[in-house]
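# Summary of structural features
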Amino acid sequence: MSHTLGIRQAQKQKTRQALLDAALALLEEQSLSSLGLREVTRAVGVAPTAFYRHFRSTADLGVELVEAALGSLHPMIDSTVAAAGDSEERIARAVGLIAHHVDAYPAHVRFIARERHGGVQPVREAIRRQLARFAEEVQVALAGHPESAGWSEEDLLMLAGLYVDQMLATANQFLEAMEGPADERDRVARMATQRLRLISLGRRHWKS
């Protein structure tokens, strides 16, 4: 009996993931607000009623996609802001990791870029919560740097928000560079490095 239940659970999880993958592929060409659940179930080859065994709505599915797109990125904080090394090393590491992530997950990056200010409120809120969590994690990491001595928590959170916003902007620019000329990727990397250097320079001269 338990073996049968295990098979059913595995099949249910497989169908759920197939719905997420199909939705993400369809969202390459449209926004979530225009996506119909029948489109998603047709792509997977299941009945429309099967959708509701996994998600309450396309908005619910969108929130799950936010978790898939952003939830796994939190360990990157340790690899960038919190890692050992000077400012230049952390900047180079951050730009490289962003470029690698965009190469590996372009559909996720495109989804977040489009839906961050899109028409589906639960998804906008899910993205906002994830980005706020990123900022808080960066704030904690920044507090451990010697140059943060004397900074208030409020100012550290402000600085963390600047870094998070810049990382998002850089990801979007790397995504756009995929369809541009061969040297566009190098230009994006150089500009991202310069912007992060400018933030770091301002940090050294900021007084709370």
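Whatever comes next refers back to the structure up there.
Described below are features of the structure shown in this document. (Residues numbered from 1 in each chain as written. Predicted model: local features only at pLDDT ≥ 70, side-chain atom pairs only at ≥ 80, totals over all residues. Heavy atoms only, no water.)

Now for the overall build of the chain. Counting its secondary structure elements, the chain contains 10 helices and zero strands. Along its sequence from the N terminus, the chain presents helices and strands in the succession α-α-α-α-α-α-α-α-α-α. Referenced to the eigenvectors of the C-alpha coordinate spread, the extents of the chain come out at roughly 60 × 45 × 30 Å. Of all 208 residues assigned to the chain, the portion counted as buried reaches 42%. Relative to all contacts within the chain whose residues are 6 or more apart in sequence, the contacts with residues 24 or more apart total 66%. Taking the average location of the 25 positive side-chain charges in the chain and that of its 26 negative ones, the two points are 6 Å from each other. (Helix = DSSP H or I, 4+ residues; strand = E, 2+ residues; numbered from the N terminus. Buried < 20%, exposed > 50% of the residue type's maximum accessible area, 1.4 Å probe, protein only. Contact = heavy atoms within 4.5 Å. Lys, Arg positive; Asp, Glu negative; His and termini not counted. Charge placed at Lys NZ, Arg CZ, Asp CG, Glu CD.)

Going through the model one piece at a time under the given rule, you end up with two aromatic pairs. Ring plane angle 45 degrees and centroid distance 5.6 Å describe the contact between phenylalanine 51 and phenylalanine 55, whose orientation is recorded as tilted. Neither phenylalanine 51 nor phenylalanine 55 differs from the other in exposure class; each is buried. Grouped by ring-pair contacts, the aromatic residues Phe51, Tyr52 and Phe55 constitute a single cluster. (Phe/Tyr/Trp six-rings, centres within 6.5 Å; stacked < 30°, edge-to-face > 60°.)

Take the side chain of threonine 15 next. Here threonine 15 shows up in helix H1 (residues 2–26). Overall, threonine 15 belongs to the buried group, its relative accessible area being 15%. Setting aside residues up to four positions removed in sequence, threonine 15 forms contacts with Val46 and His54.

Moving on to the packing of helix H9 (residues 153–177) against helix H10 (residues 184–205). One can describe the packing of H9 onto H10 by two numbers: an axis separation of 9 Å at closest approach and a directional angle of 170 degrees. In terms of orientation, H9 lies roughly antiparallel with respect to H10. Residues Leu159, Leu162, Tyr163, Gln166, Thr170, Gln173, Phe174 and Ala177 of H9 form the contact with H10, whose own contacting residues are Glu184, Arg185, Val188, Ala189, Ala192, Arg195, Leu196, Ile199, Ser200 and Arg203. (Axes fitted to C-alpha atoms, helices over the stretch in contact; angles between N-to-C directions. Parallel < 35°, antiparallel > 145°, perpendicular 65-115°, else oblique.)

Before going further, it helps to spend a moment on the packing of helix H6 (residues 87–104) against H9. Remark: H6 packs on H9, axes separated minimally by 9 Å, with the N-to-C direction vectors making an angle of 50 degrees. The orientation of H6 with respect to H9, classified from their angle, is oblique. For the pair H6 and H9, the crossing hand works out as right-handed. Each of Ala94, Val95, Ile98, Ala99 and Val102 in H6 lies in contact with H9, whose residues at this interface are Met167, Thr170, Ala171, Phe174 and Leu175. When grouped by side-chain class, the residues that make up the contact of H6 with H9 number nine nonpolar, one polar and no charged. (Left-handed = near helix turned anticlockwise from the far one by under 90°. Nonpolar A, V, L, I, M, F, W, Y, C, P; charged D, E, K, R; others polar.)

Okay, helix H2 (residues 37–44) next. Those residues of H2 that sit buried are Leu37, Val40 and Thr41. Here the buried residues of H2 occupy an arc of 90 degrees about the axis, which is enough to place them on one side. Among the exposed residues of H2, those pointing more than 90 degrees away from its buried face are Arg38, Arg42 and Ala43. Two residues or fewer past H2, glycine 45 is found with a positive phi of approximately 85 degrees. (Arc of directions from axis to C-beta.)

Here we come to the pattern of salt bridges. Enumeration according to the criterion identifies 11 salt bridges in this entry. For arginine 16, the salt bridge goes to glutamate 64, with nearest N and O atoms at 3.1 Å. Placement of arginine 16 in helix H1 and of glutamate 64 in helix H4 (residues 58–70) is noted, with a sequence separation of 48 residues between them. Among the salt bridges present, the one from aspartate 165 reaches arginine 116, with a minimum N-O distance of 3.5 Å. Of the two residues, aspartate 165 sits in helix H9 while arginine 116 sits in the loop between helix H7 (106–115) and helix H8 (121–143), which places them 49 residues apart along the sequence. The class of aspartate 165 is partly exposed, set by a relative accessible area of 41%. It is possible to trace a salt-bridge network through shared partners that takes in Arg90, Glu147 and Arg203. (Salt bridge = Lys/Arg side-chain N within 4 Å of Asp/Glu carboxyl O.)

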